[in-house]
Amino acid sequence: MHLTSPAFQNNDDIPIRYGRKFDDINPPLEFSEIPPDAESLVLIMDDPDAPGGVFTHWVIFNIPPAATHLGEDEIPAEAVEGINDYGRKGYGGPKPPNGTHRYVFKLYALDALLELQPEVNSEDLYEAMEGHVITKAKLTGLYSADES
């Protein structure tokens, strides 16, 4: 399985418009080689360089496995967005307090649909995914405090 973006390359800069201070919309993402036995996809975006530990910026589950992309500022109607570490539902763009941080988009193919409330956070989502992950892919983007 592969996860890419037409907006930036792996380990390259995420355009500033996707940052919290600017448009604060999600970048477009593309999925390929989804396993045929996948029942759903999960996407989690986090910042492992945050001062207080990993900070989750975006949580989406029950993405249909037939989905080949997420458009800029859009998700499939069937998908459910959880609560990010800003305390709100949906995408929360990068806003590092200092230096350049890595923002990791992780895509998981699961063998099940998850029966969770929309208010789920990343911690509860990871727990619910346990034993259901078929495969995963990741894409890392960089964002600098100079831009936020």
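Scroll up for the structure.
Residues numbered from 1 in each chain as written. Predicted model: local features only at pLDDT ≥ 70, side-chain atom pairs only at ≥ 80, totals over all residues. Heavy atoms only, no water.

## Digging into the pattern of salt bridges
Applying the stated criterion across every chain, the model contains six salt bridges. When the shortest N-O distance is used, the salt bridge between D23 and R17 registers 3.1 Å. Looking at R17, the relative accessible area reads 33%, which means it is partly exposed. In this structure, R17 engages E72 in a salt bridge whose closest nitrogen and oxygen atoms are separated by 3.0 Å. Taken as a pair, R17 in the loop between β2 (12–13) and β3 (29–32) and E72 in the loop between β6 (69–70) and β7 (80–81) lie far apart in primary sequence, 55 residues in all. One continuous salt-bridge network, built from bridges that share partners, spans R17, D23 and E72. (Salt bridge = Lys/Arg side-chain N within 4 Å of Asp/Glu carboxyl O. Buried < 20%, exposed > 50% of the residue type's maximum accessible area, 1.4 Å probe, protein only. Helix = DSSP H or I, 4+ residues; strand = E, 2+ residues; numbered from the N terminus.)

## Topic: the pairing of strand β4 (residues 40–47)
Most of β4 sits inside the fold, with eight of its eight residues counted as buried. Burial of β4 is two-sided: the residues S40, V42, I44 and D46 facing one way and the residues L41, L43, M45 and D47 facing the other way are all buried. Alignment of β4 against strand β8 (residues 100–110), held across seven bridges, turns out to be antiparallel. Residue pairing for β8: V42 is matched across the bridge by Y108. (Pairing = 2+ DSSP bridges.)

## Considerations on the environment of P15
Structurally, the position occupied by P15 is in the loop between β2 and β3. Sequence separation of P15 and G141 is 126 residues, and the distance between their C-alpha atoms is 9.2 Å. Beyond its immediate sequence surroundings of up to four residues, P15 is in contact with A7, F8 and Y143. (Contact = heavy atoms within 4.5 Å.)

## Here we look at the packing of aromatic side chains
This model, assessed by the stated rule, comprises five aromatic pairs. Taking the centre distance of 5.9 Å and the plane angle of 40° together, the rings of F8 and F105 count as tilted. Here F8 is found in the loop between β1 (2–4) and β2, whereas its partner F105 is found in strand β8, with 97 residues between them in sequence. There is no split in this pair, since F8 and F105 are both buried. Its end group placed over the ring of Y86, R20 keeps NZ or CZ at 3.7 Å from the ring centre. (Phe/Tyr/Trp six-rings, centres within 6.5 Å; stacked < 30°, edge-to-face > 60°. Lys NZ or Arg CZ within 6 Å of the ring centre and 35° of its normal.)

## Considering the side chain of S122
Its place among the elements puts S122 in helix α1 (residues 122–129). Residue class for S122 comes out buried when judged on its relative accessible area of 10%. A polar atom in the side chain of S122 sits 3.0 Å from the side chain of T56. (Polar contact = N/O pair within 3.5 Å; in protein donor to acceptor, adjacent residues only side chain to side chain.)

## Some details on the sheet that holds β4
Pairing is mixed in the open sheet, where six strands are placed in the order β2-β9-β8-β4-β5-β7. Two strands in the sheet have a free side with no partner beyond their single neighbour: β2 and β7. Strand direction decides the pairing type here: β2 and strand β9 (residues 133–144), joined by two bridges, are parallel. Residue pairing across strands places D13 opposite L142, the latter belonging to β9. Strands β4, β5 (55–63), β8 and β9 of the sheet are contacted by α1, whose axis makes an angle of about 140° with β4. (Axes fitted to C-alpha atoms, helices over the stretch in contact; angles between N-to-C directions.)

## Concerning the side chain of E81
Within the fold, E81 resides in strand β7. Salt bridges are absent for the buried E81, whose nearest opposite-charge side chain, K89, sits at 5.7 Å. A distance of 2.8 Å separates polar atoms of two side chains, one belonging to E81 and the other to W58. When near neighbours in sequence (up to four residues on either side) are disregarded, E81 contacts W58, V59, I60, I75, K89, G90, Y91 and P118. (Lys, Arg positive; Asp, Glu negative; His and termini not counted.)

Read these as geometric descriptors, not functional statements.
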